[in-house]
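Here is what each chain is made of, one letter per residue.
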Amino acid sequence: MSGPTSELENLVVVLVRPRNPLNIGAVARAMSNFGVEHLRLANPYTTAFREARSAVGASSVLKNAQDFRSVADAVADCALVVGTTAVRNRALQNPLRRLNPQSASAVRTAMISGRVALLFGSEKIGLTNEDFTYCHWLLHIPTHEQHISMNLGQAVAVCLFGLSSAVADEKHRTHDDPALSGEIEKITQMLYESLKISGYVKPGNDVVSERKVRRLLLRLNLQAMDAKVLMGMVRQIVWKLRQTK
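If you're wondering where the values come from, they're calculated on a predicted model, not measured in any experiment. (Residues numbered from 1 in each chain as written. Predicted model: local features only at pLDDT ≥ 70, side-chain atom pairs only at ≥ 80, totals over all residues. Heavy atoms only, no water.)

### Details of the overall build of the chain
For clarity, the threshold we go by: To qualify as a helix, a DSSP run of H or I must reach at least 4 residues; to qualify as a strand, a run of E must reach at least 2; elements of each kind are numbered from the N terminus. For a compact globule the rule gives 2.2 Å times the number of residues to the power 0.38, and the radius of gyration it is set against comes from C-alpha atoms. Between buried and exposed lies partly exposed: a residue is buried under 20% and exposed over 50% of the maximum accessible area for its type, with that area taken using a 1.4 Å probe on protein chains only.
Assigned secondary structure in the chain consists of 9 helices and 7 strands. Compactness check: the chain gives a C-alpha radius of gyration of 19 Å against a globular reference of 18 Å for 245 residues, within 12% of the reference. Dimensions of the chain along its principal axes, counting C-alpha atoms only, are 60 × 40 × 35 Å. Relative to its 245 residues, the chain shows a buried fraction of 44%.

This is how it looks when you write it as C-alpha cells:
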C-alpha cells in the first residue's frame, strides 16, 4: 500500500452551499498551491463551477470535486470535522480555537490516523448552527476586529498555509482508529429515534434535541470499536421500543 502523496493528503476541504463559481475556482487554486486535492461541495448553489476561470492551474481539483446533498454525507468518512467561523456575535456551542501552531498541529496529528474535513460556509452567511453540529470543534482566523470577514478563497488559503506550516504532535498520536462521522451520525439518528419514542423529546423541540444528541456524541470522541459497540446497544433499544410502540 503506497503512502500519502502529500503531507495534507488526508485533508478534505468542504464548501457548504457555495454560491459563486469564481470563489470556488479560487479555493481550488489555493488548494493546488498547498498540495490539497480533495474538494467537496455540500449542496452548492450552482453546479456550473467546474469551468471557473479563477482556478488557474487547478483544473484537476475542480474536475475531481465531489457533490453531496448534505454536510452529513460530505463528512461521513472523516474522523475529525473542523468548521470555520468569523464568530461575530454568535453564541457558539462548539469549542472554538484560533488558527495558530497549536490548533494546526492538532489537525495534522489527526490526519495521521484518519481523514480530516475542514468546512467553509457560504459567502453570504457562513456556516449555520445546524452545520456546526457536525463539527468536533471550530476554527477562527484572528483577523482585525474592524474587518473580520474574508473572501472564501482567501480564508481557505490562510487556513491551508497554517496547516502546511505545522507539524504533527507525535506525543498525542493515538493508535486506535477514531470513529468516522458517518458512524456517529447513524448512532445519532438511532438514539434520537429512541428518545422520541420514549417521550423524552417534547413536541416542538425536535431540531434542538437532535442537535444536542449529535453534539454530545461528538464530544465523546469515540473510537471505532466503541462506536460499533454503542451502535449495537442503541439499535437493540430502538428495536425493542418499536415493538412496544
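### A short note on the sheet that holds strand β2 (residues 38–42)
Heads up, the condition is: Here the rule is simple: two strands pair whenever DSSP picks up at least two bridges between them. Interaxial angle, 0 to 180 degrees, is taken between N-to-C directions of lines fitted to C-alpha atoms, where a helix line uses only the stretch in contact. Residues are treated as being in contact if the distance between any of their heavy atoms lies within 4.5 Å.
Taken in spatial order, the 7 strands make up an open sheet running β3-β2-β1-β6-β4-β7-β5, and their pairing is parallel. Each edge of the open sheet carries a strand with a single partner, namely β3 (66–68) and β5 (96–98). Going across the sheet, the axis of each strand differs from the next one's by a mean of 30 degrees, ignoring polarity. Where strand β4 (residues 80–84) and strand β7 (residues 137–140) come together, 3 bridges link them in parallel fashion. Bridge assignment links T84 to a residue of β7, and that residue is L139. Helix α4 (residues 101–113) contacts β1 (11–16), β4, β5, β6 (116–120) and β7 of the sheet and is inclined by roughly 135 degrees relative to β7. Together, β1, β4, β6 and β7 form the strand contacts of helix α6 (residues 152–165), whose direction differs from that of β6 by roughly 150 degrees.

### Looking at the side chain of H136
Take H136: it is sitting in the loop between α5 (129–132) and β7. Residue H136 is classed as buried on the basis of its relative accessible area of 16%. H136 has contacts with A79, L80, V81, P95, S181, L218 and N221, leaving out every residue within four places of it along the chain.

### Thoughts on the state of the cysteines
Under the convention used in this document: For the purposes of this analysis, a disulfide is any pair of cysteine sulfur atoms at a distance within 2.5 Å.
Taken as a whole, this structure holds 0 disulfides when the rule is applied. C135 supplies the cysteine sulfur nearest to C78, a cysteine that is in no disulfide, at a spacing of 11 Å. Counting only cysteine sulfurs, C135 is the nearest neighbor of C159, a cysteine outside any disulfide, at a range of 13 Å. Owing to a relative accessible area of 1%, C159 belongs among the buried residues under this scheme.

### Digging into α4
Filter applied, for reference: The span you would expect from a helix comes to 1.5 Å times its residue count less one. Within 3.5 Å is the distance limit for a polar contact, defined as a pair of N or O atoms, with the added protein rule that one can donate a hydrogen and the other accept it, and that residues adjacent in sequence qualify only through two side-chain atoms.
The end-to-end C-alpha distance of α4, which contains 13 residues, comes to 19 Å, matching closely the 18 Å that a straight helix rising 1.5 Å per residue would cover. Where α4 is buried, its residues touch β1, β4, β5, β6, β7 and α6. One side-chain oxygen at the N-terminal end of α4 lies 3.1 Å from the backbone nitrogen of Q102; it belongs to N100.

### Here's the deal with empty space enclosed by the protein
Short version of the rule: A 1.4 Å probe that fits but cannot get out identifies a cavity on a 1 Å grid over protein atoms alone, an open set with protein on both sides within 12 Å along at least five of seven lines counts as a pocket, and a residue lines either if it has an atom within 4 Å of a point. Grid points are joined across faces, edges and corners, and a volume is the space filled by probe spheres set on the points. Amino acids are sorted into nonpolar (Ala, Val, Leu, Ile, Met, Phe, Trp, Tyr, Cys and Pro), charged (Asp, Glu, Lys and Arg) and polar (every other residue, Gly among them).
For the structure shown, the criterion picks out 2 cavities of 30 Å³ or more. Approximately 80 Å³ is the volume attributed to the largest cavity. If you go around the largest cavity, the residues you meet are A72, V75, A76, V81, Y134, S181, G182, I184, E185, T188, R214 and L218. Counting only elements with at least two residues in the lining of the largest cavity, the list comes to α7 (181–198) and α8 (206–219). Among the residues forming the lining of the largest cavity, the class breakdown is 7 nonpolar, 3 polar and 2 charged. Reported here for the second largest cavity is a volume of approximately 60 Å³. Residue lining of the second largest cavity: Q93, N94, P95, T133, C135, H136, R215, L218 and R219, and that is the complete set. The residue inventory of the lining of the second largest cavity, partitioned by class, reads 3 nonpolar, 4 polar and 2 charged.

### Thoughts on the confidence of the model for the chain
What counts is decided by this rule: Per residue, pLDDT captures the predictor's confidence, and it can take any value from 0 to 100.
Of the residues in the chain, 90% reach a pLDDT of 70 or more, and the chain-wide mean stands at 88. Ranking the elements of the chain by mean pLDDT puts helix α2 (residues 59–63) last, at 86, and β6 first, at 98.

### With respect to the packing of aromatic side chains
Under the convention used in this document: Pairing of aromatic rings covers Phe, Tyr and the six-membered ring of Trp, with a centre-to-centre limit of 6.5 Å; geometry is then stacked below 30 degrees between planes, edge-to-face above 60, and tilted otherwise. By definition here, charges over rings are those cases where NZ of Lys or CZ of Arg is within 6 Å of the ring centre and within 35 degrees of the ring normal.
One pass over the full model with this rule turns up 1 aromatic pair. Lying over the aromatic face of W137, R97 brings its terminal NZ or CZ to 4.1 Å of the ring centre. When the ring centre of Y134 is taken as origin, the NZ or CZ atom of R214, which lies over that ring, is 4.1 Å away.

### Details of α8
Along its 14 residues, α8 runs 20 Å from first to last C-alpha, staying within 8% of the 20 Å computed at 1.5 Å per residue. If you check which residues of α8 are buried, you get S209, E210, V213, R214, R215, L217 and L218. As for α8, its buried residues are in contact with α5, α7 and α9 (224–244). Where α8 terminates, the next one or two residues include N221, which has phi positive at roughly 50 degrees.

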